[in-house]
Amino acid sequence: MNDLPIVVIGAGPQGLAAAAHLRERGLTPLVLEQGHAPAAAVAEWGHVRLFSAWPELIDAASVRLLEATGWTAPTTGYPTGAQWIERYLAPLAAALGDRIRYDALVTGVSRQGRDRLVDADRANTPFTVHVVDAAGREERLLARAVIDASGTWRTPNPAGADGLPALGERAHAALISHQVPDRTHPDPYAGKHTVLIGAGDSAFNAISELTRIASAHPGTTITWAIRRVVSETTFGGGADDQLPERGALGIRARQAVESAHVDLVTGFRTARIDTDADGRALVTGEGGRVLPAADSVVVLTGFRPDLSFLGEVRLDLDPTLEAPRNIAAEIDPNIHSCGSVQATGAADLAQPEPDLYLVGMKSYGRAPTFLALTGYEQVRSVVAAIAGDHEAAARVELVLPDTGVCGGAGVYDEPDGVGGGCCAPVGQEVLSIGAGPRG
Ligand SMILES: Cc1cc2nc3c(=O)[nH]c(=O)nc-3n(C[C@H](O)[C@H](O)[C@H](O)COP(=O)(O)OP(=O)(O)OC[C@H]3O[C@@H](n4cnc5c(N)ncnc54)[C@H](O)[C@@H]3O)c2cc1C
């Protein structure tokens, strides 16, 4: 077993950090990445500026590895996803060299010769990891331990308010995007009508981008449909957020709503998506309200983990969040509207399957509050546990910033605004809503 590599699934920020920690401890990582290059998921949202500053986006063991190559850490400013890759993640991947395999899609994880049912000697039996390359060739690798850092980017939540794709959502997928619009490529939205669905940080980003496009391109209109009514917490923690740029996302979104380009529709729960005679999207809510016909629909309703390739290993996940059970209570937005969550380490992430860990964005399941900082602390602790350094694994080396959102950021409100959250009652607020699109 000790001669086998530790397989890390995904060469995103967290998988690369895990590999750096493993290498530092003299263990052999093998990172399997489905994309052609490092951080393939971040690359897809490379135009988005992060709300975390550089020091919050860099892992300590990775810095130690990189500094040995003459690299210097960026210290100030807020990179875009593309800059995160260019200045940190790509050099880190280069430093890890052949410890990363690209075009390697993990399709299954199990124990050699044992399906999920078999108890005998699992802990001393290698993992088998099934991989498919870009040409469709299958391969089976053996591993001593598996760290799943595969993120959630490729499994976005649907528009449908009941968590299933809305009727017609699959059929009209060509009209739907799960990307924050890019104001430097305004074509899909300029002079057109867009429906935006969702209300988290990405939706805040999207409404700001769309409003900027609207300011520069007459005739651009936006309908923003959110599930909740407007309350004190709708636009995040604002100036109370300990991450100022995260707070600013919500402040800018509120300003966008007050502009003339946006029609905010509250209490809207998407039920179906059809098209009109011109091929434009008609989004219908529960109760039958139909939004004005749209040239495109931007759906930013969060993410969920892909558990399909973990069917033959033993997991203990929270039934609500699909996150490791021990951390779910810390991060459940139904309970933890009050912002900060505790850092989570190996003990919280451990599964009934020995030496298997879910880390990074994936470890938060459906919870929306994951930060790269949390993940770096997770991989430090998990790698220490795999290395047998239980003292280091148990240590917590991070205090997470508070979101400043307190007073009911639960995931569901009754139409009158009651419900959700754990703290003070939700305050109501009237916003002046700009003139919206017609027809
Ligand atoms: C638009 C946006 C903005 C964000 N802004 C911030 C921010 O400001 N601050 C912050 O802290 N966090 C931010 N986040 C959260 C951010 O996603 C994480 O910090 C970080 O990208 C998560 O890293 P990860 O490695 O866990 O997952 P990912 O970045 O998703 O990386 C997972 C990798 O695994 C690969 N993969 C997936 N499935 C497989 C498979 N089956 N086989 C092989 N490879 C696979 C993917 O291709 C990908 O490269 C943001 C997220 C988004 C979407």
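See the structure above.
Residues numbered from 1 in each chain as written. Predicted model: local features only at pLDDT ≥ 70, side-chain atom pairs only at ≥ 80, totals over all residues. Heavy atoms only, no water.

### Remarks on helix 9 (residues 372–386)
Heads up, the rule is: Strands are runs of DSSP state E lasting at least two residues, helices are runs of H or I lasting at least four, and both sets are numbered from the N terminus onward. Every helix has an expected span of 1.5 Å times one less than the residues it contains. Accessible area is worked out with a 1.4 Å probe on protein chains only. A residue is then buried under 20% of its type maximum, exposed over 50%, and partly exposed in between.
Here helix 9 contains 15 residues, and its C-alpha end-to-end distance of 21 Å stays within 8% of the 21 Å for a straight helix at 1.5 Å per residue. Burial analysis of helix 9 places 15 of its 15 residues in the buried class, which makes it a mostly covered element.

### As for the environment of Ala393
Position of Ala393 relative to the elements: it lies in helix 10 (residues 390–394). Residue Ala393 is classed as buried on the basis of its relative accessible area of 12%. Here the alpha-carbon distance between Ala393 and Arg380, two residues 13 residues apart in the chain, equals 7.4 Å.

### Regarding the pattern of salt bridges
Side chains that differ in charge, positive against negative, can pair when their charged atoms come close. Which entries qualify depends on this criterion: Every case where a carboxyl oxygen of Asp or Glu lies within 4 Å of a side-chain nitrogen of Lys or Arg is listed as a salt bridge.
Across all of its chains, the model carries 21 salt bridges by this definition. Between Glu353 and Arg111 there is a salt bridge; the shortest N-O distance is 2.8 Å. Of this pair, Glu353 sits in the loop between helix 8 (346–349) and strand 15 (356–358) while Arg111 sits in strand 4 (residues 105–111), and the two are 242 residues apart along the sequence. Here Glu353 falls in the buried class, since its relative accessible area comes to 0%. By relative accessible area, Arg111 is classed as buried at 1%. With a closest N to O distance of 2.9 Å, Arg395 and Glu391 form a salt bridge. By relative accessible area, which is 36% here, Arg395 ends up partly exposed. Among the charged side chains, a network of salt bridges with common partners joins Glu377, Arg380, Glu391, Arg395 and Glu397.

### Some thoughts on the sheet that holds strand 1 (residues 6–9)
What counts, and what does not: Here, a strand pair is defined by DSSP locating no fewer than two bridges between the strands.
Taken in spatial order, the five strands make up an open sheet running 3-2-1-7-15, and their pairing is parallel. Either end of the sheet is taken by a strand with one partner, and the two such strands are strand 3 (100–101) and strand 15. Pairing between strand 2 (residues 29–32) and strand 3: two bridges, direction parallel. Within the sheet, the bridge partner assigned to Leu32 lies in strand 3 and is Arg101.

### Describing the packing of helix 1 (residues 13–24) against helix 9
Defined as follows: Lines fitted to the C-alpha atoms define the axes, with helices restricted to the stretch that makes contact. Angles between their N-to-C directions range from 0 to 180 degrees. If you view the pair so one helix is near and one far, a crossing is left-handed when the near helix is turned anticlockwise from the far one by less than a right angle, and right-handed when it is turned clockwise. Pairs of residues are marked as contacts when any of their non-hydrogen atoms sit within 4.5 Å. We call Asp, Glu, Lys and Arg charged. Ala, Val, Leu, Ile, Met, Phe, Trp, Tyr, Cys and Pro are nonpolar, and the rest, Gly among them, are polar.
Where helix 1 meets helix 9, the axes come as close as 9 Å, and the angle between the chain directions of the two elements is 35 degrees. Read as a crossing pair, helix 1 and helix 9 show a hand that is right-handed. Every residue of helix 9 that contacts helix 1 at Pro13, Gln14, Ala17, Ala18, His21 and Leu22 is listed here: Ala372, Gly375, Tyr376, Val379, Arg380 and Val383. Classifying every residue of the contact of helix 1 with helix 9 gives eight nonpolar, three polar and one charged.

### Focus on the nonpolar core
Applicable threshold: Residues grouped as a nonpolar core are buried Ala, Val, Leu, Ile, Met, Phe, Trp, Tyr and Cys residues, joined through side-chain atoms within 4.5 Å.
Trp84, Tyr88, Ile147 and Trp224 are the most contacted members of the largest nonpolar core, which has 81 residues in total. Residue contributions to this core peak at eight residues, all from helix 9. When neighbours within four sequence positions are excluded, Trp84 is seen to be in contact with Pro13, Val42, Trp45, Leu50, Trp54, Leu57, Pro79, Leu89, Ala372 and Tyr376. Ranked by size, the runner-up nonpolar core spans 19 residues in total, among them Ala143, Leu310, Leu356 and Leu358.

### Some remarks on the site of the ligand
As a reminder of what qualifies: The criterion for a residue being near a molecule or strand is simple. One of its heavy atoms has to lie within 4 Å of it. Any N or O atom pair separated by 3.5 Å or less is treated as a polar contact, with the protein-specific requirement of one donor-capable and one acceptor-capable atom, and with residues adjacent in sequence counted only for side-chain atom pairs. Accessibility throughout is a Shrake-Rupley quantity obtained with a 1.4 Å probe, and a residue counts as covered only by protein chains that appear here.
In the region of the ligand, 30 residues are neighbours, and Glu33, Phe51, Ser52, Arg154 and Ala372 sit closest. The separation between an oxygen atom of the ligand and a polar main-chain atom of Gln14 is 3.0 Å. Here the ligand loses 94% of its free accessible area of 970 Å² to cover by the protein chains. Elements represented by at least two residues in the shell around the ligand include exactly helix 1, helix 2 (40–44) and strand 4. Among the elements that make up the shell around the ligand, the one with the highest residue count is helix 2 (three residues). Its residues assigned to classes, the shell around the ligand shows 20 nonpolar, eight polar and two charged.

### Some thoughts on unusual backbone geometry
Phi at Asp103 takes a positive value of approximately 50 degrees, unusual for a residue other than glycine. Overall, Asp103 belongs to the partly exposed group, its relative accessible area being 23%. Even without glycine at this site, Asp355 takes up a positive phi of about 65 degrees. Mapping Asp355 onto the fold places it in the loop between helix 8 and strand 15. A relative accessible area of 27% means that Asp355 is categorised as partly exposed.

### Notes on the sheet that holds strand 4
Strands sit in the order 4-5-6 across an open sheet of three strands; the sheet is antiparallel. The sheet is open, and its two borders are formed by strand 4 and strand 6 (138–143), each paired with just one other strand. Sheet twist, expressed as the mean angle between neighbouring strand axes with direction ignored, is 25 degrees. Here six bridges tie strand 5 (residues 127–132) to strand 6, and the two strands are oriented antiparallel to one another. Following the sheet pairing, Val132 is matched in strand 6 by Glu138.

### Some remarks on the pairing of strand 9 (residues 193–197)
Selection rule: When the strands point away from the viewer, a crossover counts as right-handed if the path from the first strand over the helix to the second runs clockwise.
In terms of burial, strand 9 is largely enclosed, as five of its five residues are buried. Here strand 9 shows no split at all, with His193, Val195 and Ile197 on one side and Thr194 and Leu196 on the other all buried. Bridging between strand 9 and strand 10 (residues 221–225) involves five bridges; their strand directions are parallel. Following the sheet pairing, Ile197 is matched in strand 10 by Ala225. For the segment spanning strand 9, helix 5 (residues 201–216) and strand 10, crossover handedness is right-handed. As paired elements, strand 9 and strand 14 (residues 296–299) share four bridges and run parallel to each other. Within strand 14, the position partnered with Thr194 by the bridge is Ser296.

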